[in-house]
Amino acid sequence: MVVDDNSGKHKATSNLRKRFNELNKNTNSNDPKIPVKPFVKEIVFSDVNKKTLITALSDTLANIIVVPSLNEVYVSKLFNFLDSKHFKNITIVGLPEWTKFETIESGLLEKFKVHIPAVHFIDKESMQVKNFRTNYRNSYGTEPNKYSFQGYDVAFYYMYGL
């Protein structure tokens with residue numbers, strides 16, 4: 001988890017820190033069947049201590065970086081720094097608010113395989129979504145809104161639970 005100097009003030013960061021500590025406790029076994037034990041580090045990334053981030057990243061293993069920051073300037077600096085060092089095997093997990101950021105190039109979002117959790121994501125390329133939209137338009141003469149999609153998903157979930 002890469003955080004800024006103010007991260008201690010955010011509840012989400014505190015919750016992530018707690019979960020990561022639990023993960024570290026549960027994966028520090030001496031089981032020889034697990035060749036590489038997953039671990040979580042918390043790194044404060046700033047202009048002063050960039051070297052800490054460099055040494056924490058692996059050249060051979062996958063690096064998943066969670067960045068619980070709403071600070072656009074901070075996130076942009078982190079992306080530009082990672083890009084300048086030509087790191088590979090990086091996946092970044094960000095926040096939904098990042099979709100409104102204007103200073104991060106879309107190429108970097110792709111390069112670092114950015115994942116943004118979203119409750120209301122609609123995959124418009126999915127065949128199910130295309131079929132639903134067509135059927136909805138034919139039935140109601142208008143485009144479905146997010147509540148239409150949510151209603152469909154909930155009904156679909158419970159129908160298969162019967």
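Now for a look at the structure at hand. (Residues numbered from 1 in each chain as written. Predicted model: local features only at pLDDT ≥ 70, side-chain atom pairs only at ≥ 80, totals over all residues. Heavy atoms only, no water.)

Things to note about the layout of surface pockets
Applicable threshold: Only protein atoms enter the calculation, which uses a 1 Å grid: trapped sets of points that fit a 1.4 Å probe without letting it out are cavities, open sets showing protein on both sides within 12 Å along at least five of seven lines are pockets, and any residue with an atom within 4 Å of a point is a lining residue. Grid points are joined across faces, edges and corners, and a volume is the space filled by probe spheres set on the points. Helix and strand definitions here come from DSSP, where helices need a minimum of 4 consecutive H or I residues and strands a minimum of 2 consecutive E residues; each element is numbered from the N-terminal end.
As a volume, the second largest pocket reaches approximately 310 Å³. Phe121, Ile122, Val129, Phe149 and Asp153 are the residues nearest the centre of the second largest pocket, which is lined by 16 residues in total. Elements that contribute at least two residues to the lining of the second largest pocket include exactly helix H5 (127-140) and helix H6 (146-161). With seven residues, H6 is the single largest residue contributor to the lining of the second largest pocket.

Regarding the packing of aromatic side chains
Aromatic ring pairs are defined here through the distance separating the ring centres and the angle between the ring planes. Here is the rule: Between rings of Phe, Tyr and Trp, where Trp is taken as its six-membered ring, a pair exists when centres lie within 6.5 Å; planes separated by under 30 degrees are stacked, by over 60 edge-to-face, and by other angles tilted. Type-normalised accessible area, obtained with a 1.4 Å probe on protein chains alone, sets the label of each residue: buried when under 20%, exposed when over 50%, and partly exposed for intermediate values.
This structure, assessed with the given rule, holds ten aromatic pairs. Consider the rings of phenylalanine 79 and tryptophan 98, whose centres lie 5.8 Å apart with planes at 75°: the pair is edge-to-face. Of this pair, phenylalanine 79 sits in helix H3 (residues 72-84) while tryptophan 98 is found in the loop between strand E4 (90-93) and helix H4 (106-111), placing the two residues 19 residues apart along the sequence. The two residues phenylalanine 79 and tryptophan 98 agree in class, both being buried. An aromatic cluster is present here, built from Phe132, Tyr136, Tyr140, Phe149, Tyr152, Phe156 and Tyr160 joined pairwise through their rings.

Quick word on the pairing of E4
Definition in use: Strands are treated as partners if at least two bridges between them are detected by DSSP. When the strands point away from the viewer, a crossover counts as right-handed if the path from the first strand over the helix to the second runs clockwise.
Of the strand pairs in this sheet, strand E3 (residues 63-66) and E4 are connected by four bridges, and their pairing is parallel. Among the inter-strand pairings, isoleucine 64 is bridged to a residue of E4, identified as threonine 91. Following the chain from E3 across H3 to the adjacent parallel E4, one finds a crossover that is right-handed.

Focus on a nonpolar patch on the surface
To be explicit about the condition: Patches were defined on residues exceeding 30% relative accessible area and lacking a salt bridge, with like-charge contacts within 9 Å and nonpolar side-chain contacts (Val, Leu, Ile, Met, Phe, Trp, Tyr) within 5 Å. All accessible-area figures derive from a Shrake-Rupley calculation using a 1.4 Å probe, and residue coverage is judged against the displayed protein chains alone. When a carboxyl oxygen of Asp or Glu is within 4 Å of a side-chain nitrogen of Lys or Arg, the pair counts as a salt bridge.
On the surface, Tyr152, Phe156, Met159 and Tyr160 cluster together into a nonpolar patch covering about 440 Å² of accessible area. Considering the arrangement of structural elements, one finds tyrosine 152 in helix H6.

Description of the environment of phenylalanine 79
Which entries qualify depends on this criterion: Pairs of residues are marked as contacts when any of their non-hydrogen atoms sit within 4.5 Å.
Phenylalanine 79 sits in the buried class, given a relative accessible area of 0%. Separated by 30 residues in sequence, phenylalanine 79 and leucine 109 have C-alpha atoms that sit 8.6 Å apart. With sequence-adjacent residues up to four places away left out, phenylalanine 79 is seen in contact with Ile92, Trp98, Ile104, Leu108, Leu109, Phe112 and Val114.

Comments concerning the nonpolar core
Rules: Here, nonpolar core means buried Ala, Val, Leu, Ile, Met, Phe, Trp, Tyr and Cys residues that are tied together by side-chain atoms lying within 4.5 Å of each other.
Ranked by internal contacts, the top residues of the largest apolar core, which has 18 residues, are Val67, Val75, Phe79, Leu82, Ile90 and Ile92. Broken down by secondary-structure element, the contributors of at least two residues to this core are H3 and E4. In terms of residues, this core owes the most to one element, H3, which gives six residues. Other than its neighbours up to four places away in sequence, valine 75 contacts Val67, Ser69, Trp98, Phe101 and Ile104.

Topic: the side chain of asparagine 63
When you line up the elements, asparagine 63 lands in strand E3. Those residues within four positions of asparagine 63 in sequence are excluded, and the remaining contacts are Leu57, Ser58, Lys88, Asn89, Ile90 and Thr91.

So, the pattern of salt bridges
One pass over the structure, following the stated rule, counts four salt bridges. We note a salt bridge from lysine 130 to glutamate 125, for which the minimum N-O separation is 3.9 Å. Residue glutamate 125 is classed as exposed on the basis of its relative accessible area of 63%. In this structure, arginine 133 engages glutamate 143 in a salt bridge whose closest nitrogen and oxygen atoms are separated by 2.7 Å. Separated by ten residues along the polypeptide, arginine 133 in helix H5 and glutamate 143 in the loop between H5 and H6 bring together distant segments of the chain. Looking at glutamate 143, the relative accessible area reads 37%, which means it is partly exposed.

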